[in-house]
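Spelled out from the first residue to the last, the chains are:
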Amino acid sequence: MDEGSGLLDRFQKSFKYYKANQPPPGLQDVIRIDDGSDKRLEPVNLLSNGSQFPGLLSPECWRTYRVTGRPGLLVVANPFTGDGQRYWTSRCVVDYPGPKNTNIIPQQLEEQLGPNGWWPLLQSCSDPTKRRKLAKVLRWATLGFHYDWTNKTYDDSNRSPFPDDLGDLVCYLAAAFGYKQFSPEASIVNFYPVGSTLAGHTDHSEDDLTAPLFSISFGRPAIFLVGGPTRNETPDAILLQSGDIVVMSGPSRQYYHAVPRVFSVSEEPLEDQCSRWQTQSPEAAELSASKGMENICPLRWKECQNISFWNPIQDYLKSTRININVRQVKRTARS
C-alpha cells in the first residue's frame, strides 16, 4: 500500500482533526511555546552577537527551544518588540505585495490594480462587501527569486532584488543560530484569511537543502503541523502566535508541514493578540531604530507610530495570519 494512502496517512488524519469545525479540535496536545513548559521543548541558550537589531530583543533574551523528536526544528517565542511587529506587518501589507509579484490577477478584480499594488486599492474601496472580498484576495507575494508554482522551480531569469531590510533581519537571525554565511535569496509572504489552510508538503525546490528555512508569523494565531520525512508519521501540532519564529534546519528542513487552522477572534486560544503590537514611546522607538541596520525603512518605522496609518493594518490583522518564509536557493560556501 502506498504510504500516502488512507490507512497510513497519519499526517492527513491530524490535518483533518485540527481543521474540523464540528466539533472543533481540542488543544490539549498542542505545543505552546509562549511559556516553554511543554516537555517536548528543550531550552536553547543563545549568546548576544554584539549588535542590536531594531524591533528585536537581544538573542540572549529570546525564548528559544528545540522540539524534541524533530531534529533541527527550533522555535522562538516572539522576540519582537511591539514596534518591530508593527514595522514588519506594515512592510508585508503595504510594501511587499506589488502589482506583479502576487497571486492577484488584475482581470479578476472589479477595480483597477494601480502601480502601488493591492493595499491602496483595498483602502480606497468604500463598499463593505467588496472590501471584505478584496481583503481575502491576496494570498501570497514572492520576493527575490519568484517561485514558479506550476513547475515548482526557481529561475534566474525570474528574480528581483531581495528587500534589504528583510535580508538584514534574516541574516541577523541566521547568525544567532550559527549560520553566518546564510544568504536570503527567496521569500514567499503568505496571507491566510481566517478559515484558510495550507496542505501538507515539503520544501525541496532549492538547490541546497542543507541551508535552513526561516518562518516568521504575524497576526492571527495558527496551528502549525510538523511531522517527519513521510506522511506515515504522526505530526506535532504547535500553536504559533504573532511574532513567533520557526527554524527548520538539518533533517527537519525536509519534514512534512502544514497549517490546518487559523484561529478567528471568537475562538481565541490565548490572550488578546493586539497587545503584541503596542508601541514604545516615540523617544524609545526613535532610539531603537537609530541603533539598527541602515536598511530599515525610516518612513515606515515612523508611520507605524501613527494611529491613522496603523489602525487599518491592525484591523486587517484581526482576520488574517501573515507568514514570512525565507530560504537560500543557490549553493554557497558556508562555515
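Residues numbered from 1 in each chain as written. Predicted model: local features only at pLDDT ≥ 70, side-chain atom pairs only at ≥ 80, totals over all residues. Heavy atoms only, no water.

Draft legend 1. Up close: the side chain of Asn78. Relative to the helices and strands, Asn78 is located in the loop between β4 (73-77) and α2 (82-95). A residue is classified by how much of its surface remains accessible, and Asn78, at 13% relative accessible area, is buried. Within the structure, the side chain of Asn78 is placed 3.1 Å from the backbone nitrogen of Phe80, a separation counted as a polar contact. Excluding residues that lie within four positions of it along the chain, Asn78 makes contacts with Arg63, Gln85, Ser242, Gly243, Asp244 and Arg276. (Helix = DSSP H or I, 4+ residues; strand = E, 2+ residues; numbered from the N terminus. Buried < 20%, exposed > 50% of the residue type's maximum accessible area, 1.4 Å probe, protein only. Polar contact = N/O pair within 3.5 Å; in protein donor to acceptor, adjacent residues only side chain to side chain. Contact = heavy atoms within 4.5 Å.)

Draft legend 2. Representation of the packing of aromatic side chains in the model. Under the defined criterion, the tally for this structure stands at 16 aromatic pairs. Relative to Trp149, the ring of Tyr147 lies with its centre 5.2 Å away and its plane at 85 degrees, an arrangement referred to as edge-to-face. By the ring-pair criterion, three or more aromatic residues cluster together here, those being Trp140, Phe145, Tyr147, Trp149 and Tyr154. (Phe/Tyr/Trp six-rings, centres within 6.5 Å; stacked < 30°, edge-to-face > 60°.)

Draft legend 3. The arrangement of the pattern of salt bridges in detail. Going through the model one piece at a time under the given rule, you end up with 19 salt bridges. The partner of Arg300 in a salt bridge is Glu303, with the nearest N and O atoms 2.2 Å apart. Of this pair, Arg300 and Glu303 both sit in helix α7 (residues 298-303), separated by 3 residues, roughly a single helical turn. Glu303 sits in the partly exposed class, given a relative accessible area of 24%. Several salt bridges share partner residues, and in doing so they unite Asp38, Arg40, Arg70, Glu233 and Asp236 into one network. (Salt bridge = Lys/Arg side-chain N within 4 Å of Asp/Glu carboxyl O.)

Draft legend 4. Molecular detail of the sheet that holds strand β13 (residues 320-327). In spatial order, the strands read β2-β3-β4-β11-β8-β13-β6-β5; together these 8 strands make up an open sheet with antiparallel pairing. Edge positions in the open sheet fall to β2 (41-44) and β5 (140-144), since each of these has one partner strand only. Mean inter-strand twist for the sheet, computed between neighbouring axes without regard to direction, equals 20 degrees. By the bridge criterion, 4 bridges tie strand β8 (residues 213-219) to strand β11 (residues 245-248) in an arrangement that is antiparallel. The partner of Ile216 across the bridge, within β11, is Ile245. (Pairing = 2+ DSSP bridges. Axes fitted to C-alpha atoms, helices over the stretch in contact; angles between N-to-C directions.)

Draft legend 5. Highlighting the packing of α2 against helix α5 (residues 164-176). Remark: α2 packs on α5, axes separated minimally by 12 Å, with the N-to-C direction vectors making an angle of 135 degrees. The angle between α2 and α5 falls in the class oblique. When the axes of α2 and α5 are compared, the crossing they make is left-handed. Mapping the contact onto sequence places Tyr87, Trp88 and Arg91 in α2 and Asp165, Leu166 and Leu169 in α5. Classifying every residue of the contact of α2 with α5 by side-chain character gives 4 nonpolar, no polar and 2 charged. (Parallel < 35°, antiparallel > 145°, perpendicular 65-115°, else oblique. Left-handed = near helix turned anticlockwise from the far one by under 90°. Nonpolar A, V, L, I, M, F, W, Y, C, P; charged D, E, K, R; others polar.)

Draft legend 6. The arrangement of the nonpolar core in detail. In terms of nonpolar packing, the biggest core is built from 57 residues, with Trp62, Trp88, Trp118, Leu166, Leu169, Tyr316 and Ile322 touching the most fellow members. For this core, the element with the most residues is α5, which contributes 7 residues. Not counting chain neighbours up to four residues away, the residues in contact with Leu169 comprise Phe53, Leu56, Phe80, Trp88 and Ile216. (Core = buried A, V, L, I, M, F, W, Y, C linked by side-chain atoms within 4.5 Å.)

Draft legend 7. Molecular detail of the packing of α2 against helix α8 (residues 307-317). Contact geometry of α2 with α8 gives a least axis separation of 11 Å together with a crossing angle of 80 degrees. In terms of axis orientation, α2 runs roughly perpendicular to α8. Residues Arg86, Thr89, Ser90, Val93 and Val94 of α2 lie in contact with α8, whose contacting residues are Phe309, Trp310, Ile313, Tyr316 and Leu317. When its residues are assigned to classes, the contact of α2 with α8 shows 7 nonpolar, 2 polar and 1 charged.

Draft legend 8. Summary view of unusual backbone geometry. Put simply, Gln22 and Pro23 share a cis peptide bond, and its omega is -5 degrees. If you trace the backbone, Pro23 turns up in the loop between α1 (10-19) and β1 (31-32). Even without being glycine, Lys152 reaches a positive phi, approximately 55 degrees. Its location among the elements puts Lys152 in the loop between β5 and α5.

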